[in-house]
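Coordinates in review
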Amino acid sequence: MIIFSKRKMNALLWNWSLTGLFLLSILADGVMGSDEMDLFNNFSGTNVFQKQDDGADVLMVGLTLVQTAAAEGAVCLDGSVPGYHLYRGYGSGANNWIIQLQGGAWCDSIEDCQNRKRSRVGSSTLMETPIEFKGILSNKAAENPDFYNWNKAVVRYCDGASFSGDSENKTEQLQFRGKRIFLAVMEDLIAKGMCHAKQALLNGCSSGGLAAILRCDDFSSLFPHTTKVKCMSDAGFFLDAVDISGARSIRRMYSGVVNTQGLQNTLPRTCTSHLDPTSCFFPQNIINQVKTPLFILNSAFDSWQIENSIAPPSADPSGSWHNCSSSFKCNTSQMQFLEGFRMSMLDALKTFSMSSKNGMYISSRWAHCLAGRKDTWSPGNSQPGEDTGMAVAVGDWYFERAF
């Protein structure tokens, strides 16, 4: 596990311990019963209630649709209006805001986007509601000490390109309007009080973590200079890596995303002025141009990247990597390959880490997305080899606390 903070940026310790490796189970979505539905109450335009989950209360937050977004062309793949889940802050957090951009991979072809628009990540008509707020979205001080009483909004992902597209395919009846969705939802939240924010944090998980990088400066521009604005990418640092067959599986997929949605017109010009558009969809080529303070929260053994970028089925027809990529049961040679991936990630972050405004926490867990889960975010759930829990590390960076 590696932690970089504003005050430790010039003392880089590239260490790693196998004791830090930890297999994390995937948590299944809860299902509401009729009794829980009866607990609903209307709260600032969003339904909010506490759900009993194995004896513990879990915050459940309903869906708000942005009906005015249609007039701005800010719509999901299928043309439906976008949505978000809002929980109101209180007390000392009443004027502080966390915005989380939801993840859910990408669509890299017309056929793929057509399939996607018939799902909850392509149409708001199919989005489940309510959803659980855990980890950095929790309203419990013990689980989320720095942000528990902040306003929190989860922006639903329904464009298939990390909130970055601004085009359409009329023939196929597909709307690629991710960037407009982001701006339309922000406009709606500003009208609901975010304009008074004293502190704000944009974050996202997975493809939403990539979006948090791409939209970070756009988010910052919404606020006056007196507002403390920072961004965090959770499991969004996808590497332009070589897979076990020697090919570049994720680059091939990203090229499909960029070309299908015409992202060459919306990706950062500071990057596209000297690199091809596909390269500019990779965080390693854009993070050093982000002006707003940015935190990278990632695993050096990101389970999604291992399974889909390092050892996807297309690169492993014999299935020799299946146990390693699916459950991190790797042999010595496989671990050596993954060690090379880890070093590539650290090398790609070196320049970024030298900026005093930035921060990073690179874990050695086999995991994907860390901040939105109680079992990884809660300060009491640090693992062997982790001197500081990630919730504490992010809080220290955001509030610029000495440690």
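Coordinates for the structure precede this section.
Residues numbered from 1 in each chain as written. Predicted model: local features only at pLDDT ≥ 70, side-chain atom pairs only at ≥ 80, totals over all residues. Heavy atoms only, no water.

**Section: the overall build of the chain**
Helix and strand counts for the chain stand at 13 helices and 15 strands. Counting the 403 residues in the chain, one finds 55% classified as buried. Expressed as a percentage of contacts within the chain between residues at least 6 apart in sequence, the contacts between residues at least 24 apart total 74%. Entry remark: accessible area of the chain is about 16000 Å², with carbon and sulfur atoms responsible for 50%. (Helix = DSSP H or I, 4+ residues; strand = E, 2+ residues; numbered from the N terminus. Buried < 20%, exposed > 50% of the residue type's maximum accessible area, 1.4 Å probe, protein only. Contact = heavy atoms within 4.5 Å. Areas by Shrake-Rupley, 256 points an atom, 1.4 Å probe, with all protein chains shown as cover.)

**A closer look at the packing of helix α8 (residues 303-310) against helix α10 (residues 332-348)**
Their axes nearest at 12 Å, the elements α8 and α10 cross at an angle of 110 degrees. With respect to α10, the element α8 is oriented roughly perpendicular. When you trace α8 past α10, the crossing you get is right-handed. Across the interface between the two elements, Gln305, Ile306 and Ile310 of α8 pack against Phe337, Leu338, Phe341 and Met345 of α10. Its residues placed into classes, the contact of α8 with α10 shows six nonpolar, one polar and no charged. (Axes fitted to C-alpha atoms, helices over the stretch in contact; angles between N-to-C directions. Parallel < 35°, antiparallel > 145°, perpendicular 65-115°, else oblique. Left-handed = near helix turned anticlockwise from the far one by under 90°. Nonpolar A, V, L, I, M, F, W, Y, C, P; charged D, E, K, R; others polar.)

**Quick look at the pairing of strand β14 (residues 294-302)**
Across the nine residues of β14, nine count as buried, placing the element largely inside the fold. As paired elements, strand β13 (residues 228-234) and β14 share four bridges and run parallel to each other. When the sheet's bridge partners are listed, Asp234 is paired in β14 with Leu297. Relative to strand β15 (residues 359-367), β14 runs parallel, the two sharing seven bridges. Within β15, the residue paired with Ile296 across the bridge is Met360. (Pairing = 2+ DSSP bridges.)

**Considering the pattern of salt bridges**
This structure, assessed with the given rule, holds 17 salt bridges. Here Glu128 ties to Arg156 by a salt bridge, and the two come within 2.8 Å at their closest N and O atoms. Separated by 28 residues along the polypeptide, Glu128 in the loop between α2 (110-116) and β8 (131-133) and Arg156 in the loop between β9 (151-155) and β10 (167-169) bring together distant segments of the chain. With a relative accessible area of 26%, Glu128 lands in the partly exposed category. Residue Arg156 is classed as buried on the basis of its relative accessible area, which comes to 1%. A salt bridge links Asp396 to Arg401, with the nearest nitrogen and oxygen atoms 2.9 Å apart. (Salt bridge = Lys/Arg side-chain N within 4 Å of Asp/Glu carboxyl O.)

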